[in-house]
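# Chain and residue survey
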Amino acid sequence: MKMHEPLKKPAVLGTLLATLLVAGCGALPDKPMRATLYDFGPGPTTAPARAGTPALQPLALADIDANARLDGTQMLYRLGYADANEVRPYGQSRWSQAPAQLFRQRLREALAATRTVLGPEESATVARMEGRVPDTLRVTLEEFSHFFESPSSSVGLVRVNATLIRTAPGGDRVLAQRSFTAQRPAPGNDAPGGVKALAAASDAVVADIVTWVSQPR
């Protein structure tokens, strides 16, 4: 029987190696979780009726400015009952674009219901070809967070500053300037609830801006 023992060693080594490989695979870390992406939703599914409503003058909508903490796609929240000055990110939830871009898209759609809305490059083209410059709306996004008033109550909080500018041969002139703030209750005290609350608060601010910028001046 001893003459056959060397023939058994490769089989034993193979079994041992397979066992080590299985154990090693079990020790490997799981694949990192992919963050869930959110936006404001599809918006109105049908265009608002324009019958009987005269079109307003074209308006240039500048790119929306935002402070550094809102430049990325992190979804931020504040614990107002603990420390309202600390901004915290949700770990596995992100916006599909920076909040300023999402807000601008919603604002442009709302403004376009009653007037032609131009981007910065389109406005420059009109100025070059027609010798006139449309009024420009500049917006700064100052606050955009899921705000917890208590562990069981939270809102979506949005604050912007809007400036309407008219360009003339003598230089730019501020026609009007105003801050807008809105908060809407969150249906849940988690990231999905914060998304719905922030989308609703953004729509409220957008509606106020559209009304304000449409006033005669």
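A separate point is the pairing of strand S4 (residues 74-79). Within S4, five of the six residues are buried, which leaves the element mostly enclosed by the surrounding structure. Here S4 pairs with strand S5 (residues 84-95) via three bridges, running antiparallel. Looking at S5, one finds that leucine 76 is bridged to proline 89. Pairing of S4 with strand S7 (residues 135-150), which is carried by three bridges, proceeds in the parallel orientation. Counted as the bridge partner of arginine 78 is phenylalanine 147 from S7.

On to the packing of aromatic side chains. On inspection of all chains with the given rule, the structure shows six aromatic pairs. With centroids separated by 5.8 Å and ring planes inclined at 90°, the aromatic side chains of phenylalanine 40 and tryptophan 95 adopt a geometry described as edge-to-face. Taken together, the residues phenylalanine 40 in the loop between strand S1 (36-38) and strand S2 (59-61) and tryptophan 95 in strand S5 connect sequence positions 55 residues apart. Assessed through its relative accessible area of 9%, phenylalanine 40 is described here as buried. By relative accessible area, tryptophan 95 is classed as buried at 2%. Seen in terms of ring centroids, tyrosine 77 and phenylalanine 148 are 6.0 Å apart; in terms of plane orientation they differ by 75°. Their pairing is edge-to-face. Within this pair, whereas tyrosine 77 is found in strand S4, its partner phenylalanine 148 is found in strand S7, the two being separated by 71 residues in sequence. Residue classification places tyrosine 77 among the buried residues on the basis of a relative accessible area of 18%. With a relative accessible area of 7%, phenylalanine 148 lands in the buried category.

This next bit is on the confidence of the model for the protein chain. Put simply, the protein chain has an average pLDDT of 84, and 76% of its residues get 70 or more. Contacts for the low-pLDDT stretch residues 1-10, under 50 throughout, to residues beyond four places or in other chains number zero contacts. A low-confidence stretch, residues 16-28 stays under pLDDT 50, and its non-local contacts, those more than four residues away or across chains, total zero contacts.

The rules behind the values
- Residues numbered from 1 in each chain as written.
- Predicted model: local features only at pLDDT ≥ 70, side-chain atom pairs only at ≥ 80, totals over all residues.
- Heavy atoms only, no water.
- Buried < 20%, exposed > 50% of the residue type's maximum accessible area, 1.4 Å probe, protein only.
- Helix = DSSP H or I, 4+ residues; strand = E, 2+ residues; numbered from the N terminus.
- Pairing = 2+ DSSP bridges.
- Phe/Tyr/Trp six-rings, centres within 6.5 Å; stacked < 30°, edge-to-face > 60°.
- pLDDT = per-residue confidence, 0-100.
- Contact = heavy atoms within 4.5 Å.

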